[in-house]
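# Structural overview for review
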Amino acid sequence: MICEFKPTTQTCCKNKQKTTLKFLNDYHKRYSCLAILALPAEHSTCIQEYNDIYNLPWIKGIIIDLYATTPSNLSASKVGRMNVSDRTWDVPKLQANTIIFLGHRRQIKIKMLINALRNNIFWIAYLSLGCLVRENIVSFSLRLLFHYFYQLCPASIFPNLLFYETELRLKKTVHHHDAPLLKIDDFNKGKVLMINNSLAWGGAERQLVNTLIGLKEKKTGYISLLCEHLDHISEKDFYLDVVQKNKIDVFLLNQVCGDYELSNTQKKIYENQENNLQDRIFRTFSRLPPQLSAEIAEYLIALDYFRPEIVHIWQDRTSVIAGLAAVILGVPKIVISSRNMAAYRFNYHLPYMRLGYRALSEVDNVYFLNNSRAGADDYTKWLNLSENKYRVLHNGINTKEFKFVGENLVNSCKKQMRISEKSKVVGSIFRLYAEKDPLLWISTIAAVAKQRNDCVFLLVGAGPLENKIKSYAKKLNISDQLIMPGTEKNASMILSIMDLFLLTSKEEGTPNVIIEAQLCGVPVIATDAGGTAETFINGKTGWLINKREPDLLAERIQFSLDNQQWYDNARVLARQFALEKFSLTKMINSTLEIYNYK
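Because the structure is a prediction, the values reported are computed rather than measured. (Residues numbered from 1 in each chain as written. Predicted model: local features only at pLDDT ≥ 70, side-chain atom pairs only at ≥ 80, totals over all residues. Heavy atoms only, no water.)

## Section: the sheet that holds strand 10 (residues 249–252)
An order of 10-9-8-11-12-13-14 is seen for the seven strands of this open sheet, with the pairing classed as parallel. Unpaired on one side and paired on the other, strand 10 and strand 14 (390–392) mark the two borders of the sheet. Recorded for the sheet is a direction-independent mean angle of 25° between the axes of neighbouring strands. Here strand 8 (residues 188–196) runs beside strand 11 (residues 308–314); their pairing, made up of five bridges, is parallel. Paired with Met194 across the strands is His312, a residue of strand 11. (Pairing = 2+ DSSP bridges. Helix = DSSP H or I, 4+ residues; strand = E, 2+ residues; numbered from the N terminus. Axes fitted to C-alpha atoms, helices over the stretch in contact; angles between N-to-C directions.)

Dropping the structure here:
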């Protein structure tokens, strides 16, 4: 199970009602408004207990979760419903000018804001570090739209000049927030907290898990993990069972922050003690761009709960948000791991990422890592940093887990998949996303299929392009030779049945799966993307193709399958190379060196 924070439902509801009343009363004293109260799903268990809140004369109605029970003392006309999956809500038609949302800013979506405007509501308030923050709905909506369009075309439409003020405010935050909120002695020596968005099916998550397990085995101290999402339906918990099997504690961010009484920092804010801490925090957060302050506040609360000596953060968005929170709190050592080429190359890029990274780069106790030389250089150029700012820490693979499983198991697996023992298997494992260029992969295997009829093509993975890939394969008349089983946890078995591994990515950091394929004795054919060239020996354990042309890739596949001597040598050299360069022990020892742990 995931580590559970919440107390009994009754105690939880009393705490939430008490703190919610304080938020509301403080807000009303300041703004004297008529409001509709919106309760996110985590308040559902307390809805019936909120009578004191519903009886406030200036609270005209409520919006509750679609499946929550309607409070007995409220008429249906005063109750609206929130559909989390559709990101919409029905706002009751009442005399009010404000919606007070008792959740985090990132839960508020553009459809919700538009619906509020249609009902003549022009203000929205949301929780941020011990108080309700008010924003104009029109400006809030415009900012959300701006970020949406920026993600679609960041390079051509919105130059960095537009974010100059934001960069200045971020730099002021990390350099002039009075002082870190805590002293070094306030942190727990030997406590390491890893932070990542989720434990989804991906290379970064696999490296995170490898690092957690490796550090745990070294017995370096208390190692734990904090995630924002561990949803089973979307497979964001893909590696959760592996982590828990190794007895590593896993925490959810919303659980840590869900009960306000848990946070020592927030208690100090309420009580307004310890050198005017409340004033210091709000001076700090007033400098932050509003789109960041609420999310940073969340991590500030969580980090205050754990008080780790070292916080090790993974992937771009989480690194910026949690990294800024760690600086504000005063965490002694902050390690940031980027796992790919620079963030601006991907559709998850957000305007503040470059600015946040640049602000963090000016803090002495923040250390930047990348898993390839190509990735480190790309970030260095993008952020305009000195060449020695990024350290390369190559991926570490569990060599005990990845090895050829043996002919008997291979034949058994082939039989289950209805693959002939005599067939040559050209395969791959990757997320079905645009940066992996799966359509080039399909075009390549189609070119191979035209030349030979002894090949079967195996594509393991899941993602939004799955239907498009299948349609394209059907168009090229190779559906009968293509096997797509979805995600598979036994990667070693899947790799062992392959004769060649084909990867056609547009963008890569250090692709773990190429290393894992070589550990299983599988030669590689790959396009030149990011740090891919650093993961095998071109011409000896595989072939690196510089041009993104199916015929060139297909020709190398043909050569590799037809030249038995080259193929046999490549199988042996592939495992030797991967064992030497990408051992888990080497990666863990380098991580401990960065931590300054012996």
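## Some details on the packing of aromatic side chains
Evaluated as defined, the whole model comprises 20 aromatic pairs. Members of the aromatic cluster, joined through ring pairs, are Tyr344, Tyr357, Phe368, Tyr379, Trp382 and Tyr390. Here the basic side chain of Lys489 rests over the ring of Phe238, its NZ or CZ set 5.0 Å away from the ring centre. Seen from the ring of Trp543, Arg556 lies directly overhead, with NZ or CZ sitting 4.5 Å from the centre. (Phe/Tyr/Trp six-rings, centres within 6.5 Å; stacked < 30°, edge-to-face > 60°. Lys NZ or Arg CZ within 6 Å of the ring centre and 35° of its normal.)

## Describing helix 19 (residues 512–519)
Within helix 19, eight of the eight residues are buried, which leaves it mostly tucked inside the rest of the structure. Considered for burial, the residues of helix 19 that qualify are Asn512, Val513, Ile514, Ile515, Glu516, Ala517, Gln518 and Leu519. Buried residues belonging to helix 19 abut helix 6 (203–218), strand 15 (424–429), helix 18 (491–496), strand 18 (500–503), strand 19 (524–527) and helix 21 (564–581). Looking one or two residues beyond helix 19, the residue adopting positive phi is Gly521, at roughly 80°. (Buried < 20%, exposed > 50% of the residue type's maximum accessible area, 1.4 Å probe, protein only. Contact = heavy atoms within 4.5 Å.)

## A closer look at the pattern of salt bridges
Within this structure, the stated rule accounts for 16 salt bridges. In this structure, Glu435 engages Arg431 in a salt bridge whose closest nitrogen and oxygen atoms are separated by 3.3 Å. A relative accessible area of 25% places Arg431 in the partly exposed class. Measuring nitrogen to oxygen at the nearest pair gives 2.8 Å for the salt bridge that ties Asp454 to Arg452. Accessibility expressed as a relative area gives 13% for Arg452, which makes it buried. Within this structure, Arg345, Asp378 and Glu507 form a network of salt bridges that share partners. (Salt bridge = Lys/Arg side-chain N within 4 Å of Asp/Glu carboxyl O.)

## Examining a nonpolar patch on the surface
Where nonpolar side chains cluster on the molecular surface, the patch consists of Phe122, Val138, Leu142 and Leu145 and spans about 350 Å² of accessible area. Examined against the element boundaries, Leu145 turns out to sit in helix 4 (residues 137–152). On the accessibility criterion, Leu145 (37% relative accessible area) is partly exposed. (Patch = residues over 30% accessible without salt bridge, like charges linked within 9 Å, V, L, I, M, F, W, Y side chains within 5 Å. Areas by Shrake-Rupley, 256 points an atom, 1.4 Å probe, with all protein chains shown as cover.)

## Examining the nonpolar core
Formed by 97 residues in total, the largest nonpolar core has its most connected members in Leu199 and Phe501. With eight residues, the top contributor of residues to this core is helix 16 (residues 438–451). With residues near it in sequence (within four places) discarded, Phe501 still touches Gly427, Ser428, Ile429, Leu495, Val513, Ile514, Ala517, Val522, Pro523, Val524 and Ile525. Ranked by size, the runner-up nonpolar core spans 52 residues in total, among them Ile321, Ile328, Leu329 and Ile336. (Core = buried A, V, L, I, M, F, W, Y, C linked by side-chain atoms within 4.5 Å.)

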